[in-house]
Each structure stands twice: as C-alpha cells, then as structure tokens.
Amino acid sequence: MLQLQVINFKPNSYIVVEGKSDSDRFYIIQKGLVSCFKSSGSGIKPFSLGPGDFVGVVPCMSGHLQIETAIARTDVTVISVKREQYPELIKKNTPVAIKIIKTFAARMRQMNEMLTKATLNTVSEESTEHIFKVAQYYEKAMHLDAAVFAYYQYLKTKPIGPNAEIAKQKFVQLKNRTHAVYFEPTDELTRSYPKDTMIFSEASKGNDMFIIQSGEVSITKVVDGNEVTLAVLQKGAMFGEMALLENKPRSACAVAHSDCKLMVVNNTNFNNMVSSQPQLISSLTNTLAERLWSMYRQLDNANISNPYQKMIDMLSLQLEKQKIDITNLLTKSQQTELTPKDLANMCGITNENQPKAIYDFQQSSLIKIDNGKIFIKDIPELLKQAAFYRKQKQD
C-alpha cells in the first residue's frame, strides 16, 4: 500500500539546495509559497511555486544532484514522494504524472530558448520561413539528406510562400541524390532512418513522439547559420514529445546520427498508453527529467566564454550523464564515441572559431585522440577542472 509522508516547513527553511545529493525524493506542495533560484550567472530568474506544483522532481527522476535551491517563504506543507514510489503513485493518480510531464515540456521549451540565446547570443525562430533557412544551412553544409527533407517540409507548410519556387527547384534537384525517407507520416509503428536523414525539422508541425529502438539521434538547432547540437540520444531515449504534448511547432531538428530504428507514438496510441501502460509514463518522466537536467547543466556550459574550457566542461557533462561514481572507478580512463568536432558543435562554437578551439582542446593533458575519437585519460581530474571552470564563471 502506498504511504506518502507529509512534511511541514517553516518560513525561510531550505527544502532543497543546489548541488546537494539528497535527490531520492521530490515534493508536491499542498499549502504555502516556495521560492526557487539557481546560482548567479545561470541566467535563470528566481520563480515562485504554490499548491499543486513540484519541488525537486527533475533531479529526483533523473538521479542527479539538485539543480536549484528552494526556500519556504510561508508555512509550507508538502507531500514527499520517493523515487521508488513514483510508479505506484501514477498507477493510482495518472493526472499527477501527466501534469509533471507537461510541466517538463513547457520548461524544456523555455530552456531551449535560453540555451540558444546563451550559446549563440540570439533567439531562435519558430516561423515557417525558418524551415527554409534550416534547409539552406544543411545544403550549404553538404548534408543533402537533411536539406531535401527540410525543403519538402517548407513546401508542405508554405506552398505559396516567398521561397516556395526556390524550395521546389531544390527539392527536385536533390531528391534523387539523397536517402531521405518519410517525407509524410505513416501509420507504421516503427520506422527506419538511414544515417544523416532528417526525422523532423524545427519550426515544422508534427504530433509524433519517437522512442529509439536502435541507433542514435542528434537533436540540433540552426540559428544564424550555425548549428548547435543539444543532445545525441541513444537507444531507449524518447524525443519529439513537446510537439505531441503542447501541439506547438517543433523546437529543434532531429537527425539520424547513425542508422536508426524508431518506434512512433502519436496522439491516439499515447492516450491509450497513458491509461494502460503506467510504466511507459514512468519511463517518459525519467527521460524528460534526464533531458531537462542536461539542459540546465548545458546552460552552465553556455555561460563559460573560453572555448577550451567550454569543451572540457562539455566533455565532463557527457560523463555526468553516465552518473559516474569517481570513488568506485575501476579505471580512470574511458574511450568515447565523440569527435572533437562533435564536442565543438555541442558547445555552439562557430565554424570559424572551431579550428583553434579544437587544436587547443587536443593539446590537453587530460585527453588524447584515438582514431578520431576522444579518449579521456584522467576522469577525476577532468571532472575537477570542469567544476573549477564553472565556479570561476559563477563567482
């Protein structure tokens, strides 16, 4: 039987503290007002929470350190939910899980905008015309499989738009030279995408969510002629959920990083799954929490100005995602599947600044390049240096 603890906090009491490891539970506010804030330099403004809102749910469900500090501003009563209690909770109260998921989706859209602004000092577009710019970027970069798909999506949404004739010519010219697939959605429950083909374009409409059954998928944004890699997702990861949950244009592009097979979830089968498969909702909550935690952490990286330090910190972030316990490491080294170019793209370093940044990074005593991929020679020292660079920026 599910038994949840009720806890009372007096005014000015700390409920959670940024950077602490006490993330085995989250809190549902029953009564009172809570103030939340993140360390200086993050760019995230303080905000308030009230009855029905959640405290500490992102680090709890992702298994990472606390990402912000929460303080009771009045007498506050909360329900404490341990991580292992969550699956049973949503069996009995699915609306709680749906509210968490929709809260995550809204916060992820906000974080996308903040990341774009912090990384490239600009704001991304969600207009239909932006799809055309995405297509142009990928064509110029000779990623024709992605370009032809984006040109088609532009024509589909703006058949008589100002760039429709150019897009039509480009689509006809490129189509037979590419491996692009699924220009239109299908009723298939699984789809296969060859490497470098586009699954969806930012600013386009769509209501499908995807679960990776095999392969990898890159989540990217194109802003002012530059590409930022937000994440490279692995088997089991879900993506595209924001368009499904919010019925808004895609906030980023999804491109097959390798040959991949995807399970497709649309509105109909998602609603069926919510009522019949609470384990899927639990898994989706964990996935979104992990991604949102990563976006908070990536925002810290975006606020580091030195390109070398940014790349070291971004590599540290990839290790942190693995929840590595440095006290129990069998070996201090690790081979990654990332290239220095991958890392530079994740940091949003512009194409013209990448050669020097990559050169400086390759001179680091912490890593070496093995067959084009990054080999980490000293994990504890790399994590330590990255934490120092972040703290320097916050102080």
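Refer to the structure presented above.
Below you will find a few notes about this structure. (Residues numbered from 1 in each chain as written. Predicted model: local features only at pLDDT ≥ 70, side-chain atom pairs only at ≥ 80, totals over all residues. Heavy atoms only, no water.)

## Comments concerning empty space enclosed by the protein
In this approach, a probe sized like a water molecule rolls over the atoms, and the result shows the empty space that is left.
Right, so step 1: In total, this model carries two cavities of 30 Å³ or more according to the counting rule given.
Right, so step 2: Its boundaries defined by the atoms lining it, the largest cavity holds a volume of some 250 Å³.
Right, so step 3: Asn112, Ile219, Met242, Ala252 and Arg291 are the residues nearest the centre of the largest cavity, which is lined by 20 residues in total.
Right, so step 4: Elements that contribute at least two residues to the lining of the largest cavity include exactly helix 3 (94-120), strand 13 (226-233), helix 7 (241-246) and helix 9 (278-302). (1 Å grid on protein atoms, 1.4 Å probe; cavity = no way out; pocket = protein on both sides within 12 Å on 5 of 7 lines; lining within 4 Å. Points joined across faces, edges and corners; volume = space filled by probe spheres on them. Helix = DSSP H or I, 4+ residues; strand = E, 2+ residues; numbered from the N terminus.)

## Focus: the sheet that holds strand 13
Right, so step 1: Here we have four strands laid out as an open sheet, ordered 10-15-12-13, and antiparallel in their pairing. Unpaired on one side and paired on the other, strand 10 (198-200) and strand 13 mark the two borders of the sheet. For this sheet, the mean angle separating the axes of adjacent strands, direction not counted, is 30 degrees.
Right, so step 2: For strand 12 (residues 217-223) and strand 13, the ladder comprises seven bridges, and the chain directions are antiparallel. Paired with Ile219 across the bridge in strand 13 is Ala231. (Pairing = 2+ DSSP bridges. Axes fitted to C-alpha atoms, helices over the stretch in contact; angles between N-to-C directions.)

## Side note on the sheet that holds strand 2 (residues 14-16)
Right, so step 1: The sheet built from four strands is open, its strands ordered 2-7-4-5 with antiparallel pairing. Either end of the sheet is taken by a strand with one partner, and the two such strands are strand 2 and strand 5 (47-49). With direction set aside, neighbouring strand axes in the sheet form an average angle of 30 degrees.
Right, so step 2: Two elements, strand 2 and strand 7 (residues 69-72), share two bridges in a ladder whose sense is antiparallel. Looking at strand 7, one finds that Val16 is bridged to Ala70.

## Overview of the environment of Ser251
Right, so step 1: If you trace the backbone, Ser251 turns up in the loop between helix 7 and strand 15 (253-256).
Right, so step 2: Considered as a pair, Ser251 and Ser204 are 47 residues apart in the sequence and their alpha carbons are 8.4 Å apart.
Right, so step 3: In this view, Ser251 contacts Arg109, Asn112, Glu202, Lys221 and Met242; residues no more than four positions away in its chain are not counted. (Contact = heavy atoms within 4.5 Å.)

## A look at the packing of helix 5 (residues 144-157) against helix 6 (residues 164-175)
Right, so step 1: Between helix 5 and helix 6, the least distance of the axes is 9 Å, while the angle of their chain directions is 140 degrees. Classified by the interaxial angle, the pair formed by helix 5 and helix 6 is oblique. Judged by the sense of rotation from one axis to the other, the crossing of helix 5 with helix 6 is left-handed. Here Leu144, Ala147, Val148, Tyr151, Tyr152, Tyr154 and Leu155 of helix 5 lie close against helix 6, whose contacting residues are Ala164, Ala167, Lys168, Lys170, Phe171, Leu174 and Lys175.
Right, so step 2: The residue makeup of the contact of helix 5 with helix 6, split by class, is eleven nonpolar, no polar and three charged. (Parallel < 35°, antiparallel > 145°, perpendicular 65-115°, else oblique. Left-handed = near helix turned anticlockwise from the far one by under 90°. Nonpolar A, V, L, I, M, F, W, Y, C, P; charged D, E, K, R; others polar.)

## Some remarks on the packing of aromatic side chains
Right, so step 1: Under the definition given, this model contains 15 aromatic pairs.
Right, so step 2: An aromatic cluster of at least three residues, connected via ring pairs, comprises Phe149, Tyr152, Phe171 and Phe183.
Right, so step 3: We note Lys368 situated over the ring of Phe375; from NZ or CZ to the ring centre the distance is 5.1 Å. (Phe/Tyr/Trp six-rings, centres within 6.5 Å; stacked < 30°, edge-to-face > 60°. Lys NZ or Arg CZ within 6 Å of the ring centre and 35° of its normal.)

## Brief notes about the layout of surface pockets
Right, so step 1: The calculated volume of the largest pocket comes to roughly 790 Å³.
Right, so step 2: Lining the largest pocket are 34 residues, and of these Val232, Leu233, Gln234, Gln318 and Lys321 sit closest to its centre.
Right, so step 3: Counting residues per element, the ones that place at least two in the lining of the largest pocket are strand 13, helix 9, helix 10 (307-321), strand 17 (334-335), helix 11 (340-347) and strand 19 (373-376).
Right, so step 4: Of the residues in the lining of the largest pocket, the class split is twelve nonpolar, 14 polar and eight charged.
Right, so step 5: In this structure, the second largest pocket spans a volume of roughly 640 Å³.

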